[in-house]
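Chain by chain, the residues:
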Amino acid sequence: MKYLLLICTDGPIEAGPGELDATPWAEEMDGKGVRLTGSRVREAEDATTVRVRDGSLLLTDGPFAETKEQMAGFDIVECADLDAAIEVASKHPMARFGMIEVRPFWTD
């Protein structure tokens, strides 16, 4: 089953050199054939929120949610079950400094 790992942070992170480097994690998961893709995303201030209401396009600068947690990146992994996806997510460096939301993809 495929899972979205939504990498989130709730503000500035105090970490030592290399503690936030996800390269070793990505290489390990790529080597195991678990990680399908992933990337960092730009700051929330660079987001544009798109809505269409009554046929009019409405654009808002910044993130959709009024929350202190913001998306910092994502990974898509393929695991046998939720427990395996949680184990993969727990090894990501951001699990120690932010949070990782594990969400299964919709299946019919």
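Residues numbered from 1 in each chain as written. Predicted model: local features only at pLDDT ≥ 70, side-chain atom pairs only at ≥ 80, totals over all residues. Heavy atoms only, no water.

### What about the sheet that holds strand E1 (residues 2-9)?
Strand pairs in the sheet, formed through backbone hydrogen bonds, run parallel or antiparallel to each other. Rules: Strands are treated as partners if at least two bridges between them are detected by DSSP. The secondary structure listing takes helices from DSSP runs of H or I that are at least 4 residues long and strands from runs of E that are at least 2 residues long, numbered from the N terminus. Axis definition: a line fitted to C-alpha atoms, over the contacting stretch in the case of helices. Angles run 0 to 180 degrees between N-to-C directions. By the convention used here, residues are in contact when the closest approach between their heavy atoms is within 4.5 Å.
Pairing is antiparallel across the open sheet formed by 4 strands, whose spatial order is E2-E5-E1-E6. Each edge of the open sheet is held by one strand with a lone partner, namely strand E2 (35-40) and strand E6 (99-104). Direction aside, neighbouring strands of the sheet carry axes that sit 20° apart on average. Note that E2 and strand E5 (residues 70-78) share 5 bridges and pair antiparallel. Paired with Arg 40 across the strands is Gly 73, a residue of E5. The strands that helix H1 (residues 23-31) touches are E1, E2 and E5; relative to E2, the one it contacts most, it runs at about 160°.

### Quick notes on the confidence of the model for the protein chain
Stated precisely, the cut-off is as follows: Known as pLDDT, the predictor's confidence for each residue is given on a scale from 0 to 100.
The predicted model of the protein chain averages 90 in pLDDT, with 94% of residues at 70 or higher. For the protein chain, helix H3 (residues 94-97) is the element with the lowest average pLDDT, namely 90, and helix H2 (residues 82-90) is the one with the highest, namely 97.

### Some thoughts on the pattern of salt bridges
Our working definition: Salt bridge criterion: a side-chain nitrogen from Lys or Arg within 4 Å of a carboxyl oxygen from Asp or Glu. The rule is simple: take the accessible area with a 1.4 Å probe, protein chains only, and divide by the maximum for that residue type; under 20% is buried, over 50% is exposed, in between is partly exposed.
Scanning the entire structure with this criterion turns up 7 salt bridges. Of the charged contacts in the structure, one is a salt bridge between Arg 103 and Glu 101, with a shortest N-O distance of 2.3 Å. Judged by its relative accessible area of 48%, Arg 103 is partly exposed. We classify Glu 101 as partly exposed; its relative accessible area is 26%. Here the salt bridges do not stand alone but share partners, grouping Glu 28, Lys 32, Glu 87 and Lys 91 into one network.

### Quick look at the nonpolar core
Our working definition: Each nonpolar core is a collection of buried residues, namely Ala, Val, Leu, Ile, Met, Phe, Trp, Tyr and Cys, held together in the definition by side-chain atoms within 4.5 Å.
Leu 5, Trp 25, Val 77, Cys 79 and Val 88 are the most contacted members of the largest nonpolar core, which has 14 residues in total. In this structure, Val 88 is in contact with Leu 5, Trp 25, Met 29, Val 34, Val 77 and Cys 79, ignoring residues within four places of it in sequence.

### Some points on the side chain of Arg 35
This is how it is decided: N or O atoms within 3.5 Å of each other form a polar contact, as long as, within protein, one can give a hydrogen and the other can take it, and as long as residues adjacent in sequence are counted only when both atoms are side-chain atoms.
If you trace the backbone, Arg 35 turns up in strand E2. Judged by its relative accessible area of 19%, Arg 35 falls in the buried class. Reaching out from Arg 35, the side chain makes a polar contact with the backbone oxygen of Gly 38 at a distance of 3.4 Å. Of the polar contacts made by the side chain of Arg 35, one reaches the side chain of Asp 75; its length is 2.7 Å. Leaving out residues up to four positions away in the same chain, Arg 35 has contacts with Trp 25, Ala 26, Met 29, Asp 30, Asp 75, Ile 76 and Val 77.

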